[in-house]
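Chain and residue survey
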Amino acid sequence: MRIPEFALERFFARWEFAVRHLLCASDVEGWRMADLLALADDEGAALWRDLQLGYTEAPGHPLLRAEIATLYEAIEPDDVLVFAGAEEAIFCLSNVLLGPGDHAVVTWPGYQSLYEVGRAAGADVSLHELREADGWALDPGRLIEALRPETRLVVVNAPHNPTGMLPSSAEWAHLTAALATRGIHLLADEVYRFLELDPADRLTAGADAYGRGISLGVMSKSFAMAGLRIGWLATRDRELLLRCAAMKDYTTICSSAPAEILALIGLRARDVVLERSRRIVADNLVELDRFFAGHADRLSWIRPRGGSIGFPRLLDDEPIDDFLARLVEAEGVLLLPGSQFGFPGNHFRIGFGREDLPAALTGFERFLQRS
Ligand SMILES: Cc1ncc(COP(=O)(O)O)c(C=O)c1O
């Protein structure tokens, strides 16, 4: 398989552990092991204590799949397949559903693997561009117009990386009904689900919307446990899940035994876990609103409707890559230029899930005042 480099991941490989402040991270500040284990119920604590480090069940630990199923309305434990992060799930699903002669539509700018793996598998992939002039809103009518007789998959990431886009329930219902009627699969990348700024805006999960809807979830973002590398697909299309399971035999075979138990503990304690994430994100957004209001002459800011990242724009003439290179050099603050998404203009990604955001903003502020 020939596949172009994953620009954003190569960028993080260069910078992530070399800077003082990662102001463009998409995850929420990770849990400490001791704090997570303190949340374990008796069964979870015993599973952790007595864990034997053999291979695990290929579809995922039965208790973990049962717990994941409770995140949805219409999903049974057997409708869940566990992966090493969302990334492996994207890889397997794209390879199973897409090949030469097939067509897919994917929201863009976006997480590169959501369209790149399908292209590498030989499919023709159309990008559904989100536009700043529309407040980054999804346009279901325009997306539906892009469908073809050979369209096999539509991928919508919401809350969206990097814009924070979240469709309204009416827009979502319009799109899912059109896909259901045409028998097209939907991959709903919901890795930022539960971080809606207004919980009333939470959408019907893809897996609950219709039989060919597929929800992609992960412990990395809202659940703030990226180091577990546990993600999942949930769908009522069991035949599709079986094909994904067969593909997984060529990637990881089965998940990490300790990670599965820790994910189970985290999901069983999700009220506490999500409460913490939502508090970090809400507190940081207050800081960001103040920051952008103070720099409206140089930075434009469309407030995200969900998730832990946004996609503001530098209004100066200096190219964004040069500006951000000077920022990281001067203050050790890392922001992600829109060029890493292949997106033209002076946008950059800012993340607000980390606890050092106020200190990072202080560095950014100093830099803006000097330059
Ligand atoms: C929209 C989206 N989908 C999938 C992923 C992959 O998640 P993970 O790294 O936990 O596998 C990411 C990670 O940034 C993402 O932003």
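Residues numbered from 1 in each chain as written. Predicted model: local features only at pLDDT ≥ 70, side-chain atom pairs only at ≥ 80, totals over all residues. Heavy atoms only, no water.

Of regular secondary structure, the protein chain possesses 14 helices and 14 strands. Taken along the three principal axes of its C-alpha coordinates, the protein chain extends 55 × 55 × 40 Å. Within the protein chain, the proportion of its 371 residues that are buried is 56%. Expressed as a percentage of contacts within the protein chain between residues at least 6 apart in sequence, the contacts between residues at least 24 apart total 75%. Positive and negative side-chain charges in the protein chain, numbering 37 and 54 respectively, have mean positions lying 1 Å apart. (Helix = DSSP H or I, 4+ residues; strand = E, 2+ residues; numbered from the N terminus. Buried < 20%, exposed > 50% of the residue type's maximum accessible area, 1.4 Å probe, protein only. Contact = heavy atoms within 4.5 Å. Lys, Arg positive; Asp, Glu negative; His and termini not counted. Charge placed at Lys NZ, Arg CZ, Asp CG, Glu CD.)

What follows is about the domain arrangement of the protein chain. Split into domains, the protein chain comes out as domain 1 (7–32 + 271–370) and domain 2 (52–269). Computed from C-alpha coordinates alone, the two centres of domain 1 and domain 2 are separated by 25 Å. Listed as interface residues are 36 residues of domain 1 and, on the opposing side, 37 residues of domain 2. For the pairing of domain 1 and domain 2, the buried interface totals around 2900 Å² over both sides, and the portion due to carbon and sulfur atoms is 57%. Area buried by domain 1 at its contact with domain 2 is led by R278, R305 and F341, which between them contribute 25% of it. The interface formed by domain 1 and domain 2 contains two salt bridges. The partner of R305 in a salt bridge is D201, with the nearest N and O atoms 3.4 Å apart. Between domain 1 and domain 2 we count 23 residue pairs in polar contact (both at pLDDT 80 or more) in total. Listed by contribution, the elements that provide at least two residues to the side of domain 1 that touches domain 2 are α1 (7–15), α12 (270–294) and β10 (309–310). (Domains from an automatic or database assignment. Buried area = accessible area lost by both parts, 1.4 Å probe. Salt bridge = Lys/Arg side-chain N within 4 Å of Asp/Glu carboxyl O. Polar contact = N/O pair within 3.5 Å; in protein donor to acceptor, adjacent residues only side chain to side chain.)

Checked against the element boundaries, F348 lands in strand β14 (residues 348–351). When its relative accessible area of 0% is taken as the criterion, F348 is described as buried. Remark: the alpha-carbon pair of F348 and G338, spanning ten residues in sequence, is separated by 4.8 Å.

What the three strands build is an open sheet, ordered β10-β14-β13; its pairing is antiparallel. The strands lining the two open edges of the sheet, one partner per strand, are β10 and β13 (336–337). (Pairing = 2+ DSSP bridges.)

Close to the ligand lie 15 residues, the nearest being N161, D189, Y192, S220 and K221. At 2.6 Å from a nitrogen atom of the ligand is found a side-chain nitrogen or oxygen belonging to D189. The side chain of S220 places a nitrogen or oxygen atom 2.5 Å from an oxygen atom of the ligand. Protein burial of the ligand: of its 390 Å² of free accessible surface, 94% is covered by the chains. Among the elements that make up the shell around the ligand, the one with the highest residue count is helix α5 (residues 85–97) (four residues). Among the residues forming the shell around the ligand, the class breakdown is six nonpolar, five polar and four charged. (Near = heavy atom within 4 Å. Areas by Shrake-Rupley, 256 points an atom, 1.4 Å probe, with all protein chains shown as cover. Nonpolar A, V, L, I, M, F, W, Y, C, P; charged D, E, K, R; others polar.)

Our focus in this paragraph is the packing of aromatic side chains. Under the criterion given, the structure shown has 13 aromatic pairs. Centre to centre, the rings of F311 and F341 are 5.8 Å apart; their planes meet at 80 degrees, and the pair counts as edge-to-face. Placement of F311 in the loop between β10 and β11 (313–314) and of F341 in the loop between β13 and β14 is noted, with a sequence separation of 30 residues between them. F341 shares its class with F311; the two are buried. Here a set of aromatic residues connected by ring pairs shows up, and it is made of W108, W136, F311, F341 and F343. Directly above the aromatic system of F194 lies the positively charged group of R193, at a separation of 5.4 Å from the ring centroid. Of note, K248 hangs over the ring of F83, and the distance from its end group to the ring centre comes to 5.6 Å. (Phe/Tyr/Trp six-rings, centres within 6.5 Å; stacked < 30°, edge-to-face > 60°. Lys NZ or Arg CZ within 6 Å of the ring centre and 35° of its normal.)

To continue, consider the pattern of salt bridges. A complete count under the given rule lists 21 salt bridges for this structure. The salt bridge partner of D139 is R142, with a shortest N-O separation of 3.5 Å. A relative accessible area of 29% means that D139 is categorised as partly exposed. Taken together, the shared-partner salt bridges in this structure form one network comprising D41, E43, E67, R268 and R270.

A word on the packing of α5 against helix α10 (residues 238–248). Orientation of α5 relative to α10, taken along the N-to-C sense of each, is 115 degrees, at an axis distance of 9 Å. Relative to α10, the element α5 is oriented roughly perpendicular. Once α5 is placed against α10, the crossing between them reads as right-handed. Residue-level contacts link E88, C92, L93, N95, V96 and L97 of α5 to L240, R243, C244, M247 and K248 of α10. Within the contact of α5 with α10, the residues separate by chemical class into seven nonpolar, one polar and three charged. (Axes fitted to C-alpha atoms, helices over the stretch in contact; angles between N-to-C directions. Parallel < 35°, antiparallel > 145°, perpendicular 65-115°, else oblique. Left-handed = near helix turned anticlockwise from the far one by under 90°.)

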